[in-house]
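# Report on the structure
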Amino acid sequence: MKSIFTILLACFCIGVVSAQNPGTKKILDHEAAHIWKQIKETQVTTNGEWVAYVLSPNTEGDAQLALWNARTQKTRWFERADQAHFTANDSTLVFRVQAPLDTLKEQRRRKVKKDDLPKDSLFIYQMATGKLRKIPDVSSFSVPEEWSGWLVCKLEEDKSKPKKDSTAASKEKPKKEGKENGYRLLLVDLNRDRMDTVFFATSYTLAKKHPLMAFHTSGKPDGLAEGAYLLNFASGIYLPLLKSEGEYKGFRFSEDGSQLAFLVNRDTTKARIKPWELRYWSRTGGIKLLAQTGSSFLPIEADGNWVISEYGTPEFSEDGTKLFFGVAPPPILEDTTLLPEEKVMVEVWTWEDPDLYTEQNVQVKSKRQEHFPAVYFTKKDETVLLGSPELPSWRFTPDRNANWAVAYTDEPYRVARQWEGEANKDMYIVNLESGAQTPIGFNLRGSPALSPGGGYVVWWSDPDSAWFSYNTRSTGLNQLTNNDIYPYYDERNDVPDYPSPYGYAGWLKNEEALIIYDKNDLWVVDPNGAVQPRRLTKGRTKNVVYRYIRLDPEEKYIDPAGELFLHVFNETTRDEGYAWLNLSTGKLTPWYQGEFAFTSRVLKAKKANVAIFTCENFQTFPDLLYSEFQPGVKMADPKFKRISNANPQQKDYKWGAIELVDWTSPSGESLEGLLVKPEDFDPEKQYPMMVYFYERLSDRLHRHQAPDVHRSSINATIYASQGYLVFYPDIHYTVGFPGKDAYDAVTSGVSKLIDLGFVDKNRVGLQGHSWGGYQTAYIITRTNMFACAEAGAPVANMTSAYGGIRWASGRNRQFQYEHTQSRIGGSLWEYPNRYIENSPLFSLDKVETPLLILHNDADGAVPWYQGIELFTGLRRLGRPCWLLNYNDEPHWPVKLQNRIDFQTRMLDFFNFYLQDGPKPEWMDRGVPAIEKGMNRG
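Residues numbered from 1 in each chain as written. Predicted model: local features only at pLDDT ≥ 70, side-chain atom pairs only at ≥ 80, totals over all residues. Heavy atoms only, no water.

On to the overall build of the protein. Per the secondary structure count, the protein includes 13 helices and 57 strands. In terms of overall size, the protein behaves like a compact globule, its C-alpha atoms giving a radius of gyration of 31 Å where 937 residues would be expected to give roughly 30 Å. Taking the principal axes of the C-alpha coordinates as reference, the protein spans close to 85 × 75 × 65 Å. Within the span of the protein, comprising 937 residues, buried residues form 52% of the whole. Considering only contacts within the protein whose residues lie at least 6 apart along the sequence, 56% involve residues at least 24 apart. For the protein, the computed accessible surface area is about 43100 Å², with 49% contributed by carbon and sulfur atoms. If you average the places of the 111 positive and of the 120 negative side-chain charges in the protein, the two averages end up 6 Å apart. (Helix = DSSP H or I, 4+ residues; strand = E, 2+ residues; numbered from the N terminus. Rg over C-alpha atoms; globule rule 2.2 N^0.38 Å. Buried < 20%, exposed > 50% of the residue type's maximum accessible area, 1.4 Å probe, protein only. Contact = heavy atoms within 4.5 Å. Areas by Shrake-Rupley, 256 points an atom, 1.4 Å probe, with all protein chains shown as cover. Lys, Arg positive; Asp, Glu negative; His and termini not counted. Charge placed at Lys NZ, Arg CZ, Asp CG, Glu CD.)

On to the sheet that holds strand 40 (residues 563-570). Taken in spatial order, the 4 strands line up as 39-40-41-42 in an open sheet, and their pairing is antiparallel. Only two strands of the sheet have a single partner each, and these edge strands are strand 39 (544-548) and strand 42 (588-594). Each strand axis lies, on average, 25 degrees off the axis of its neighbour in the sheet, ignoring direction. Relative to strand 41 (residues 576-582), strand 40 runs antiparallel, the two sharing 7 bridges. For Phe 565, the partnering residue across the bridge sits in strand 41 and is Trp 580. (Pairing = 2+ DSSP bridges. Axes fitted to C-alpha atoms, helices over the stretch in contact; angles between N-to-C directions.)

Our focus in this paragraph is helix 6 (residues 738-755). Between the first and last C-alpha of helix 6 there are 26 Å, a value that for 18 residues agrees with the 26 Å anticipated at 1.5 Å per step. When we look at burial in helix 6, the residues that qualify are Pro 738, Gly 739, Asp 741, Ala 742, Asp 744, Ala 745, Val 746, Thr 747, Ser 748, Gly 749, Val 750 and Leu 753. Following helix 6 by one or two positions, Gly 757 has its phi on the positive side, about 100 degrees. (Expected span 1.5 Å × (residues − 1).)

On to unusual backbone geometry, then. Although it is not a glycine, Asp 137 sits at a positive phi angle of roughly 55 degrees. Positionally, Asp 137 belongs in the loop between strand 8 (132-135) and strand 9 (138-142). Here Asp 137 falls in the partly exposed class, since its relative accessible area comes to 38%. Its identity is not glycine, yet Asp 916 carries a phi of approximately 55 degrees, on the positive side.

With 5 bridges joining them, strand 3 (residues 64-69) and strand 4 (residues 75-79) adopt antiparallel strand pairing. Its bridge partner being in strand 4, Ala 66 is matched across the sheet by Trp 77. If you look at the hairpin formed by strand 3 and strand 4, you'll find 5 residues sitting between the two strands, and Gln 73 has a positive phi there, around 60 degrees.

Right, let's get into the nonpolar core. Of all hydrophobic cores here, the largest spans 47 residues; its most connected members are Met 689, Val 691, Phe 727, Val 746 and Leu 766. Grouped together as the second largest cluster of nonpolar side chains are 36 residues, Ile 658, Ala 716, Ala 720 and Trp 882 included. (Core = buried A, V, L, I, M, F, W, Y, C linked by side-chain atoms within 4.5 Å.)

This structure, assessed with the given rule, holds 58 aromatic pairs. Ring plane angle 50 degrees and centroid distance 6.1 Å describe the contact between Tyr 578 and Trp 591, whose orientation is recorded as tilted. Separated by 13 residues along the polypeptide, Tyr 578 in strand 41 and Trp 591 in strand 42 bring together distant segments of the chain. Among the aromatic residues, those joined into a cluster by ring pairs are Phe 565, Tyr 578, Trp 580, Trp 591, Tyr 592, Phe 596, Phe 598, Phe 613, Phe 629 and Phe 640. If you follow Lys 677 out to its NZ or CZ, it ends over the ring of Phe 758, 5.2 Å from the centre. Over the ring of Phe 815 we find Arg 811; its NZ or CZ atom is 4.4 Å from the centre of that ring. (Phe/Tyr/Trp six-rings, centres within 6.5 Å; stacked < 30°, edge-to-face > 60°. Lys NZ or Arg CZ within 6 Å of the ring centre and 35° of its normal.)

Here the focus is the sheet that holds strand 16 (residues 247-253). With antiparallel pairing, the 4 strands of this open sheet are ordered in space as 16-17-18-19. Two strands lie at the open edges of the sheet, namely strand 16 and strand 19 (286-291), each paired on one side alone. Averaged over all adjacent pairs, the angle separating strand axes in this sheet is 25 degrees, with direction ignored. Relative to strand 17 (residues 259-265), strand 16 is paired through 5 bridges, and the arrangement is antiparallel.

The final tally for this structure, using the stated rule, is 56 salt bridges. For Lys 208, the salt bridge identified is with Glu 146, shortest N-O distance 3.7 Å. One end of the pair, Lys 208, is in the loop between strand 12 (194-206) and strand 13 (212-217); the other, Glu 146, is in the loop between strand 9 and strand 10 (150-155), and 62 residues separate them in sequence. Glu 146 gets classed as partly exposed once you look at its relative accessible area, which sits at 28%. Across the pair Glu 334 and Lys 343 runs a salt bridge, and its minimum N-O distance is 2.3 Å. Its relative accessible area of 32% is what places Lys 343 among the partly exposed residues. (Salt bridge = Lys/Arg side-chain N within 4 Å of Asp/Glu carboxyl O.)

Note on terminology: disulfide describes a covalent bond linking the sulfur atoms of two cysteines. Summed over the entire model, instances satisfying the criterion amount to 0 disulfides. You can see Cys 788 has no disulfide; the closest cysteine sulfur is in Cys 881, sitting 14 Å from it. (Disulfide = S-S within 2.5 Å.)

Closest axis-to-axis distance for the helix 6/helix 7 (residues 771-779) pair is 9 Å, and the angle between their directions is 75 degrees. Considered as vectors, helix 6 and helix 7 are oriented roughly perpendicular to each other. When helix 6 is examined against helix 7, the residues Pro 738, Gly 739, Lys 740, Ala 742, Tyr 743 and Val 746 are found in contact with a partner set consisting of Trp 771, Tyr 774, Gln 775, Tyr 778 and Ile 779. Here the contact of helix 6 with helix 7 is built from residues that sort into 8 nonpolar, 2 polar and 1 charged. (Parallel < 35°, antiparallel > 145°, perpendicular 65-115°, else oblique. Nonpolar A, V, L, I, M, F, W, Y, C, P; charged D, E, K, R; others polar.)

Let's shift gears to the side chain of Asp 730. Within the secondary structure layout, Asp 730 lies in the loop between strand 51 (725-729) and helix 6. Buried and unpaired, Asp 730 has no salt bridge, with Arg 574 as the nearest side chain of opposite charge at 4.7 Å. Reaching out from Asp 730, the side chain makes a polar contact with the backbone nitrogen of Leu 697 at a distance of 2.8 Å. With sequence-adjacent residues up to four places away left out, Asp 730 is seen in contact with Trp 663, Glu 672, Gly 673, Glu 695, Arg 696, Leu 697, Ser 698 and Ala 745. (Polar contact = N/O pair within 3.5 Å; in protein donor to acceptor, adjacent residues only side chain to side chain.)

A separate point is the pairing of strand 56 (residues 851-854). Residues in a regular strand point their side chains to alternate faces of the sheet. With burial as the criterion, each face of strand 56 is covered, one bearing Leu 851 and Ile 853 and the other bearing Leu 852 and Leu 854. Relative to strand 57 (residues 881-884), strand 56 runs parallel, the two sharing 4 bridges. Counterpart to Ile 853 in the pairing with strand 57 is Leu 883. The parallel pair strand 56 and strand 57, bridged by helix 11 (residues 865-876), forms a crossover whose chirality is right-handed. (Right-handed = clockwise from strand over helix to strand, strands pointing away.)

On to the environment of Val 384, then. Assignment of secondary structure puts Val 384 in strand 26 (residues 382-385). Remark: the alpha-carbon pair of Val 384 and Pro 373, spanning 11 residues in sequence, is separated by 9.1 Å. Ignoring sequence-local partners within four residues, the contact set of Val 384 consists of Ala 374, Val 375, Phe 377, Leu 432, Glu 433, Ser 434 and Gly 435.

Moving on to helix 12 (residues 896-914). Along its 19 residues, helix 12 runs 27 Å from first to last C-alpha, staying within 8% of the 27 Å computed at 1.5 Å per residue. For helix 12, the tally of buried residues reaches 14 of 19 residues, placing the bulk of the element in the interior.

So, on to empty space enclosed by the protein. The full count for this structure, using the stated rule, is 2 cavities of 30 Å³ or more. The calculated volume of the second largest cavity comes to roughly 30 Å³. Around the second largest cavity sit Gln 83, Arg 96, Asp 120, Ser 121, Leu 122, Val 138, Ser 139, Ser 140 and Phe 141, which together line it. At the level of secondary structure, the elements contributing two or more residues to the lining of the second largest cavity comprise strand 7 (121-126) and strand 9. Ranked by the residues each element gives to the lining of the second largest cavity, the list is headed by strand 9, at 4 residues. (1 Å grid on protein atoms, 1.4 Å probe; cavity = no way out; pocket = protein on both sides within 12 Å on 5 of 7 lines; lining within 4 Å. Points joined across faces, edges and corners; volume = space filled by probe spheres on them.)

Structure below.
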């Protein structure tokens with residue numbers, strides 16, 4: 001029997017969908033996607049009384065900012081507004097308002113200069129009084145995190161001709177605003193109608209907990225001289241920190257605002273190696289130079305001294321005892337005496353390079369900015385160099401309070417990434433006070449992380465399929481799990497690689513235990529491995545998955561006597577909900593549950609037991625819901641309030657319904673999938689059907705699908721509204737035969753549905769992208785079941801793709817075939833027949849299905865020559881095929897106009913073959929190159 005909550009929630013959320021006679025409803029198309037809205041930037045005041053969110057168009061257009069009051073349940077709207085922030089005292093909402101998009105486009109069409117286009121404005125709304133203030137021409141702004149009374153606005157560049165300063169020398173040119181000289185900062189007093197201005201500011205930052213601002217100004221003759229300053233908003237005093245010309249960046253306060261650090265380059269000779277300095281201020285000790293090129297802790301090498309890195313932004317530990325910053329070896333400098341025609345631009349690839357040259361090309365910028373950590377101990381006045389090229393990767397505790405860090409290098413093992421996918425690591429625990437490095441282990445595979453207090457390093461060891469820890473106090477290495485009771489690794493892993501873990505929820509106070517996950521449950525694990533893991537929940541026996549939701553984003557430890565808020569997922573029905581788990585008693589108390597998908601991103605008010613969450617299903621948009629709660633107490637009735645109603649127009653359109661279907665594969669395996677039916681479905685009729693697949697999608701039974709112009713896949717809601725069935729079959733894989741596995745699952749599922757009598761077997765289409773695109777191409781070489789198909793970014797030839805490059809990362813593709821998604825299970829030389837048998841290219845002569853191919857020339861994942869091989873092969877064989885290439889687009893169309901174009905062409909294509917629609921011009925004659933960009937066909 002359905003719970004009362006489920007029934008009430010269903011009536012509340014989807015009652016509007018069926019309020020209109022289905023016969024009078026409109027049919028969805030891709031134009032309708034433009035009027036659909038999505039919810040973004042949700043936030044709540046600390047007292048839980050006010051909620052703000054942005055209602056943004058699905059495609060493009062003007063956003064709306066909503067301010068909802070929990071007491072009155074009324075909403076105030078602000079047009080064209082976003083980027084909202086509440087002040088820390090919950091009194092004020094600050095937000096940006098933009099010019100109407102139509103106005104901007106019209107002015108751009110009239111060739112209005114960018115500087116003359118309308119600028120953004122800042123609005124300040126006092127919730128108690130309804131008073132609204134406007135500040136024009138604001139490019140960005142900052143609202144203090146934990147104090148109130150002021151905000152800071154950076155104003156747009158003043159393009160008016162600056163007046164000559166009468167106090168300046170007669171030959172001095174008037175100073176202009178801009179990136180080099182800085183911009184105006186407007187300091188706005190929220191309690192009184194007054195403002196102050198800082199001129200020519202290049203950078204600034206606000207303290208977290210105290211009314212302080214640090215900034216740099218390039219100076220104004222009749223105002224502040226060039227330099228770094230500290231402003232105390234309470235007193236109005238500007239404290240000079242360093243009066244000097246130069247570049248300033250990286251201003252950072254300590255948590256309590258008593259310390260400040262920043263970087264400055266005071267060189268005026270424009271030296272090729274900038275001599276950056278680290279400056280440090282404390283409330284008790286004033287300002288001092290902390291580090292610079294030549295500092296005693298920096299190494300001296302044959303080709304020069306190490307330097308302070310401008311890319312290593314200073315960072316204080318939360319307790320203020322440590323200041324971390326970046327240092328770097330001397331940079332490699334170009335020979336500027338050579339003329340362009342004298343330079344030799346050659347790539348030298350060597351077989352022992354840790355990274356392929358294509359990867360190195362992608363990494364050039366990051367390598368030039370590479371830096372290594374150093375730490376200054378503020379109470380001891382000592383600096384320790386930590387990192388080096390030999391030990392480049394570091395992990396600190398989130399608050400950086402601990403005197404331990406974990407460091408590692410994968411350099412000795414990086415060559416193997418080409419075929420393994422991941423590189424093993426040599427791991428070390430490092431004492432920050434001494435810099436001493438103690439090996440944890442060598443040639444390990446896993447990603448180490450420190451416990452919040454630094455007492456343990458934990459990682460999942462892939463080869464062992466187990467959790468390990470290293471005790472930083474006793475220097476002990478411990479295996480924490482052994483999979484004797486239940487496995488802690490992915491039980492559905494079907495790739496030829498080590499299974500991944502399910503992760504962990506967090507640490508208990510005093511680091512007495514770690515809470516980890518298996519497939520269904522939470523387990524308490526002793527970090528020293530001395531006590532057997534203890535199960536906290538009993539989801540496995542009920543096919544239920546429990547996962548912890550952290551309601552406090554600043555939480556460091558889980559209270560062992562507290563209540564854990566859990567997300568609940570039923571593996572059988574796919575229903576979801578929430579529950580409380582009492583860690584002391586083990587009592588599990590359901591909160592909300594039903595035939596919906598509930599978000600795991602619950603937003604809680606900081607100082608009140610108030611939660612903002614969403615629930616959705618295929619017919620129900622995930623609008624915002626508001627509820628008070630008591631930890632550990634079941635909600636007897638659904639006492640939530642609905643905050644938003646983002647898409648009331650849904651009731652005017654034909655929508656559809658979704659259900660789980662199951663069938664048996666040719667090998668006897670039980671499979672599941674999703675079937676979307678039109679709203680006015682009649683089992684006595686026969687319908688055209690679209691089939692889309694990608695790995696396993698059946699867990700998305702309760703996910704809402706708003707109409708959109710997706711970058712790569714069909715939209716089930718639009719297709720169902722136009723009279724299609726849409727089928728999502730799950731694929732189960734075996735190593736070595738991914739093509740056949742997809743063929744077996746898809747064709748057996750389609751056959752099952754055809755046997756039910758409501759599918760027109762002559763009007764079934766197939767669509768997939770990337771991995772699904774490859775399998776679509778493979779399937780049509782094995783069957784004529786499909787009247788037409790679309791394959792996006794498909795691999796046609798595994799033998800050539802195996803040695804290809806993923807251009808976005810520069811990585812070679814071998815690891816994908818040997819260990820990950822492509823699932824071949826070995827190299828081309830171990831299993832040459834597998835590569836050929838799984839490649840559509842070698843069986844194209846058997847294809848009779850008309851095929852639409854999407855493959856863009858800037859694809860960074862699948863080399864686009866794979867799409868060309870598929871197209872030219874079919875073209876040579878005289879098979880109907882079309883290739884869409886959106887120039888300079890990546891793995892899928894990203895630009896809105898290209899997504900609209902792609903979805904429109906794909907629907908035209910399927911309608912032609914499956915619904916007797918008209919044949920569009922582009923399918924007859926294409927779009928000749930001379931007409932590209934002018935005639936869409």
